[in-house]
Each structure stands twice: as structure tokens, then as C-alpha cells.
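Here is how the chains run, residue by residue.
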Amino acid sequence: MPYLELTKDNEKEEDKKKQVEVPNVEGMTVAEAAKVLKEVNLDYQIENEPEGLDKTTTIIKEQLPKKGISIYEGTKILLKI
């Protein structure tokens, strides 16, 4: 019954997702960080991303959540440049 948000054997969708450890991407370029995050099935969003951002030269200054935290695959990591 999809309206009850139930799936087979009473499992919710997030119960099926795998947890991964957040890698450290601070100090990397946006392009490098995107590749590392993709390898562990994480997405990212750049805080206040300017138009025409050069992802090959822009360095990440901070990330949230921080490295080492366990989160579900597909979660967005906030990148500050």
C-alpha cells in the first residue's frame, strides 16, 4: 500500500539504503570532490554557487557534514567555497 509508505515486509525505503562514511573533500577542487563523492554514491550542493563557476580551479573550504560521519547513500553534502 504505497499510501502507507510501506514496502515488502514492512521495510521503509531508507532501511534499504546503505550507509556510507563521508569522505574528506576539503582542500580539493569542486571537480575532484564531485568524483570522490560520486564513488561513494553521495551528491553535493555548492552553497551560494556563482554563475560560471570553474569547477576545475575552485577549492572547497568547508563541507557539511564533516568527514567520518555515517550517512545514507544519495545524501547531499553541502560544499562551501
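What comes next concerns the included structure. Keep in mind that what you see is a predicted model, and the values were worked out from it rather than measured.

### Here we look at the sheet that holds strand β2 (residues 43-46)
Two strands in a sheet stick together by hydrogen bonds in their backbones, pointing the same way (parallel) or opposite ways (antiparallel).
Line of reasoning, step 1. A sheet is described by the order of its strands in space; here three strands give the open sequence β2-β5-β3, paired in mixed fashion. Looking at which strands have only one partner, the edges of the open sheet turn out to be β2 and β3 (62-64). Averaged over all neighbouring strand pairs, the angle between strand axes comes to 30°, with direction disregarded.
Line of reasoning, step 2. Its contacts with the sheet put helix α2 (residues 30-39) on β2 and β5 (76-80), and the angle it makes with β2 is roughly 155°.

### Section: the side chain of T58
Line of reasoning, step 1. Locating T58 in the fold gives a position in the loop between β2 and β3.
Line of reasoning, step 2. There is a polar contact of 2.7 Å between the side chain of T58 and the backbone oxygen of D54.
Line of reasoning, step 3. Excluding residues within four positions of it along the chain, T58 makes contact with M28, T29, V30, L53 and I81.

### Quick word on the environment of T75
Line of reasoning, step 1. Take T75: it is sitting in the loop between β4 (70-72) and β5.
Line of reasoning, step 2. We classify T75 as partly exposed; its relative accessible area is 28%.

### Structural notes on the pairing of β5
Line of reasoning, step 1. Burial along β5 is one-sided: the residues I77 and L79 are buried and none of K76, L78 and K80 is.
Line of reasoning, step 2. Judged from the four bridges that link them, β2 and β5 form a sheet pairing that is parallel. Opposite Y44, over in β5, you have I77 as the bridge partner.

### What about the nonpolar core?
Line of reasoning, step 1. Counting residues in each nonpolar core, the largest one holds 13 residues, and the members touching the most others are L42, I77 and L79.
Line of reasoning, step 2. When residues of this core are traced back to their parent elements, those giving at least two are α2 and β5.
Line of reasoning, step 3. Of all the elements, α2 adds the most residues to this core, at three residues.
Line of reasoning, step 4. In contact with L79, not counting residues within four places along its chain, are V25, Y44, Q45, I46, E47, I60, E62 and Q63.

Cut-off values and rules
- Residues numbered from 1 in each chain as written.
- Predicted model: local features only at pLDDT ≥ 70, side-chain atom pairs only at ≥ 80, totals over all residues.
- Heavy atoms only, no water.
- Pairing = 2+ DSSP bridges.
- Helix = DSSP H or I, 4+ residues; strand = E, 2+ residues; numbered from the N terminus.
- Axes fitted to C-alpha atoms, helices over the stretch in contact; angles between N-to-C directions.
- Contact = heavy atoms within 4.5 Å.
- Polar contact = N/O pair within 3.5 Å; in protein donor to acceptor, adjacent residues only side chain to side chain.
- Buried < 20%, exposed > 50% of the residue type's maximum accessible area, 1.4 Å probe, protein only.
- Core = buried A, V, L, I, M, F, W, Y, C linked by side-chain atoms within 4.5 Å.

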